[in-house]
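Examining the three-dimensional arrangement
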Amino acid sequence: MMRNLLRNGVDAIVRMSSTRANYWGELAVDVALGAVLMVEGARRQPGALLGTLAIVLGLFAFSFVEYFFHRWMFHTRIPLFAQGHELHHQHPLGYDSLPFFLPPLILLALTGVFVALMPTGFALLLASAITFGYIIYGLAHFIIHHVRFKQPLLRRWAGAHHVHHYHPDSNFGVTTPLWDVLLGTRYVRQARVG
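I will try to describe carefully the structure that is included in this document. (Residues numbered from 1 in each chain as written. Predicted model: local features only at pLDDT ≥ 70, side-chain atom pairs only at ≥ 80, totals over all residues. Heavy atoms only, no water.)

All told, the structure shown has two salt bridges when counted by the stated rule. Salt-bridge contacts for Glu40 lead to Arg43; the nearest nitrogen and oxygen are separated by 2.8 Å. You can see Glu40 and its partner Arg43 sitting in helix H2 (residues 20–44), three residues apart, about one turn around the helix. Overall, Arg43 belongs to the exposed group, its relative accessible area being 57%. Arg44 is the salt-bridge partner of Glu40, the closest N and O atoms lying 3.7 Å from each other. (Salt bridge = Lys/Arg side-chain N within 4 Å of Asp/Glu carboxyl O. Helix = DSSP H or I, 4+ residues; strand = E, 2+ residues; numbered from the N terminus. Buried < 20%, exposed > 50% of the residue type's maximum accessible area, 1.4 Å probe, protein only.)

A word on empty space enclosed by the protein. Over the atoms, a rolled probe matching the size of one water molecule traces out where space is still vacant. Per the stated rule, a full pass over the model turns up one cavity of 30 Å³ or more. What lines the largest cavity is simply Tyr23, His88, Pro92, Gly94, Asp96, His141, Phe142, His145 and His146. The biggest single contributor to the lining of the largest cavity is helix H6 (residues 120–146), with four residues. A breakdown of the residues in the lining of the largest cavity according to their chemical character gives three nonpolar, five polar and one charged. (1 Å grid on protein atoms, 1.4 Å probe; cavity = no way out; pocket = protein on both sides within 12 Å on 5 of 7 lines; lining within 4 Å. Points joined across faces, edges and corners; volume = space filled by probe spheres on them. Nonpolar A, V, L, I, M, F, W, Y, C, P; charged D, E, K, R; others polar.)

This is how it looks when you write it as structure tokens:
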């Protein structure tokens, strides 16, 4: 009984997470959250140098968060993550994403931890940079699947993610190959024999 109720709930969230409204609604909520965190952080941060450091650290930290979630959460057996991500692999032009409420809740919880551990202005700027990193990731991922690039550098960038759809144990980074290179999951084309 409880297992069926949980399964039905997960299925309902996955269905809702495949809609355009969820996709673009999440973007709107995330942008609003990022803007509030950025404005409040800037208002409370006493120096431009520390504020800039917080933003750079936040974007760098998010690059690892992106890799971590894609590799170790979306490609696992955790139903909420794996089921939705599997839909994306089956239909890369779809609107499959996390439920609109989940990323802001996680980002707010993370902000609370940061505020408890460091000066408020720095913590809010750090959290805002992570939030904007997530927004950039989401938009970049959407663009990779919906735009055919003509510029060679952009084609290679998009191509690295398209390779992931054929070799799902590689190229977990969407916005940057940094962690794939450092952790050995960057796809390397095998030389043909013969």
